[in-house]
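Breakdown of the fold
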Amino acid sequence: MKRTGICLIAGLLLAALPLVMNAEKVPFYYGHSRELHASVYHQEEDSGIKEGDMYFLSWDENVDAVGYELEIAEEEGAWDEEQPSGKVVYHVPKVYVPGIMISSSALPLKAETKDHLYWRVRPFDLDGKPTGPFSAPRRLEGSLVPIHRYAPLPRPYDEGEKGAALLYPVYSYIGIPGADSYEVEVTSRYPENEDGYAPSRYRVYAGVTTLTDLYDPAPRKGTYYWRVRGLDREGHPVGIWSLPQKRTLDVHGWTVGVFGDSISHGGGHLSFSPADRAYSYESYLSFPVVNLSQSGDTSAMMVERFEKDVVPFHLRTVLIMGGTNSLRAGVPAEEVIHDLETLEMMSYAHGITPVFLTLPPINPASIARAFQEPTAEGWQASFRRVNDFIRTRKHIDTAAPFEGMEVMPPSLALDGLHGDWRAKQDMAAVINEAWRSGRPALGTS
């Protein structure tokens, strides 16, 4: 759904396609990504960083934070947990992951062995305002991990975790000092130039971004590898490639798939992507699923890609949640219902049982605040119309936990669109209960 040194809203918009009131175009694409925070990287420009000149500093994740403020300071007696230190030697106002890469040139000489230096973090909200006190100061000595490879650091991702099997992968990493953008490369085989910076002969896709999440626009099946390198303002390599990360997605062995848009793809709370499992309802399910969702999809787009993205997996059941993007962009409910009926027919034609998921409410004010994008008038009536239709089919009522809410409260979806971890847990609980009760009783036909 958080990345080092990022400008929150700008980064979100860079990952976006414009919201349109037209069923033929894609509405706002929520990529959960952020742009690099200039103040962090420009201060180290032309620093001549070499391998072994970097350290990695990490801390416990706060799932209710949009990001963190980091400070490294000299010991000064009593620390005020509500106020910045008076002897700061290194300060980053916005960090969107629970960790950061720091160049040695940005710290006092031999900072890793100076026992008078301490570090602490505190969470902030959508407006960048603190939402809690600073953590207790900890000695910098022993906290810094030397990094001997001048390359972005891929974030850990266990594809064996519940709900982690993504047809449309997201590549997430921690940026490096000195880089203004990043190039992600996907290869069909392990790259032949592990310690270089040139493209691999096995490259099948590459994308350049100023963000530290890259959403792959193509479905990936079988075994492939990805890696990332930094680029300067002119597009020249900064350091070398990160170590290749292996990914595998087998089309065989799955009985249940999830098919939808970004709500099902994963992420939330503005700064989390599908790489952050707490913000994907699939991670809370009691049974294994393959995630065939794609961020930004309209119901019409789901119809268009059903044959190539769903059919090859030979599923018995597909959980379908679609239409939110269409309805909030002003597409009539009748068109969305027609698309859902088409998906239903296509599923049965391929021997797949479709189970629809009802649409949770959204919050136009929160969407406008987070994305500066409008929501079509009459969206509530359209949502009711579509959900009423869904309840006449085999379905699971994932909108039930939010019944009686005119809009989704910020406490459950900060951006008004993508449920945060609590909302995703609530949705998963409803699905699990329906599954426990028996698939034939999932709905009416």
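Before going further, it helps to spend a moment on the overall build of the protein chain. Along the backbone of the protein chain there are nine helices and 22 strands. For the protein chain, the residues scored as buried account for 58% of the 445 residues in total. When the accessible area of the protein chain is evaluated, it comes to approximately 17,500 Å², of which 51% is carbon and sulfur surface.

Strand order across the open sheet formed by three strands is S10-S11-S14, with antiparallel pairing between neighbours. Bordering the open sheet on either side are strand S10 (153–154) and strand S14 (213–215), each of which pairs with just one other strand. Pairing between strand S11 (residues 170–174) and S14: three bridges, direction antiparallel. Bridging from a neighbouring strand, Val-170 pairs with Tyr-215 of S14.

Turning to the packing of helix H6 (residues 333–349) against helix H8 (residues 379–390), a few remarks are in order. As a packed pair, H6 and H8 sit with axes 9 Å apart at the nearest point and diverge in direction by 25°. Of the possible angle classes, the one that applies to H6 and H8 is roughly parallel. Here H6 runs over H8; the crossing is right-handed. Across from Ala-333, Glu-334, Val-336, Ile-337, Leu-340 and Glu-341 in H6, the residues of H8 making contact are Ser-382, Arg-385, Val-386, Phe-389 and Ile-390.

If you trace the backbone, Ser-264 turns up in helix H3 (residues 262–265). With residues up to four places along the chain from it excluded, the contact list for Ser-264 reads Val-258, Tyr-281, Glu-282, Asn-291, Ser-293 and Met-321.

Any aromatic ring pair is given by two values, namely how distant the centres are and how the planes are angled relative to each other. One pass over the full model with this rule turns up 12 aromatic pairs. Taking the centre distance of 5.6 Å and the plane angle of 75° together, the rings of Trp-59 and Tyr-68 count as edge-to-face. Across the pair, exposure class does not vary: Trp-59 and Tyr-68 are buried alike. Aromatic pair Phe-272 and Tyr-279: ring centres 4.0 Å apart, planes at 25°, arrangement stacked. Exposure class is identical for Phe-272 and Tyr-279. Each is buried. In this structure an aromatic cluster arises from ring pairing among Tyr-171, Tyr-173, Tyr-182 and Trp-226.

Of note in the backbone geometry, His-269 takes a positive phi value of approximately 55° without being a glycine. Its place among the elements puts His-269 in the loop between H3 and strand S19 (290–291). The exposure class assigned to His-269 is buried, which follows from its relative accessible area of 9%.

This part takes up the packing of helix H4 (residues 299–309) against H6. At a minimum axis distance of 9 Å, the contact between H4 and H6 shows a crossing angle of 15°. It follows that H4 is roughly parallel to H6 by the angle criterion. With respect to the hand of their crossing, H4 and H6 are arranged in left-handed fashion. Across from Ser-299, Ala-300, Met-302, Val-303, Phe-306 and Glu-307 in H4, the residues of H6 making contact are Val-336, Asp-339, Thr-342, Leu-343, Met-346 and Ser-347. For the contact of H4 with H6, a count of residues per class yields seven nonpolar, three polar and two charged.

Confidence in the prediction for the protein chain averages 86 pLDDT; 85% of positions are at 70 or higher. Ignoring residues within four places in sequence, the model shows residues 1–49, a span with pLDDT below 50, making 203 contacts including any to other chains.

Here we have five strands laid out as an open sheet, ordered S19-S18-S20-S21-S22, and parallel in their pairing. Of all strands in the sheet, those with a lone pairing partner are S19 and strand S22 (395–396), marking the two edges. Sheet strands in contact with H6 are strand S18 (256–260), strand S20 (317–321) and strand S21 (353–357), and its direction is about 150° off that of S21. Helix-sheet contacts for helix H9 (residues 421–437) involve S18, S20, S21 and S22, and the interaxial angle to S20 is about 145°.

The rules behind each value
Residues numbered from 1 in each chain as written. Predicted model: local features only at pLDDT ≥ 70, side-chain atom pairs only at ≥ 80, totals over all residues. Heavy atoms only, no water. Helix = DSSP H or I, 4+ residues; strand = E, 2+ residues; numbered from the N terminus. Buried < 20%, exposed > 50% of the residue type's maximum accessible area, 1.4 Å probe, protein only. Areas by Shrake-Rupley, 256 points an atom, 1.4 Å probe, with all protein chains shown as cover. Pairing = 2+ DSSP bridges. Axes fitted to C-alpha atoms, helices over the stretch in contact; angles between N-to-C directions. Parallel < 35°, antiparallel > 145°, perpendicular 65-115°, else oblique. Left-handed = near helix turned anticlockwise from the far one by under 90°. Contact = heavy atoms within 4.5 Å. Phe/Tyr/Trp six-rings, centres within 6.5 Å; stacked < 30°, edge-to-face > 60°. Nonpolar A, V, L, I, M, F, W, Y, C, P; charged D, E, K, R; others polar. pLDDT = per-residue confidence, 0-100.

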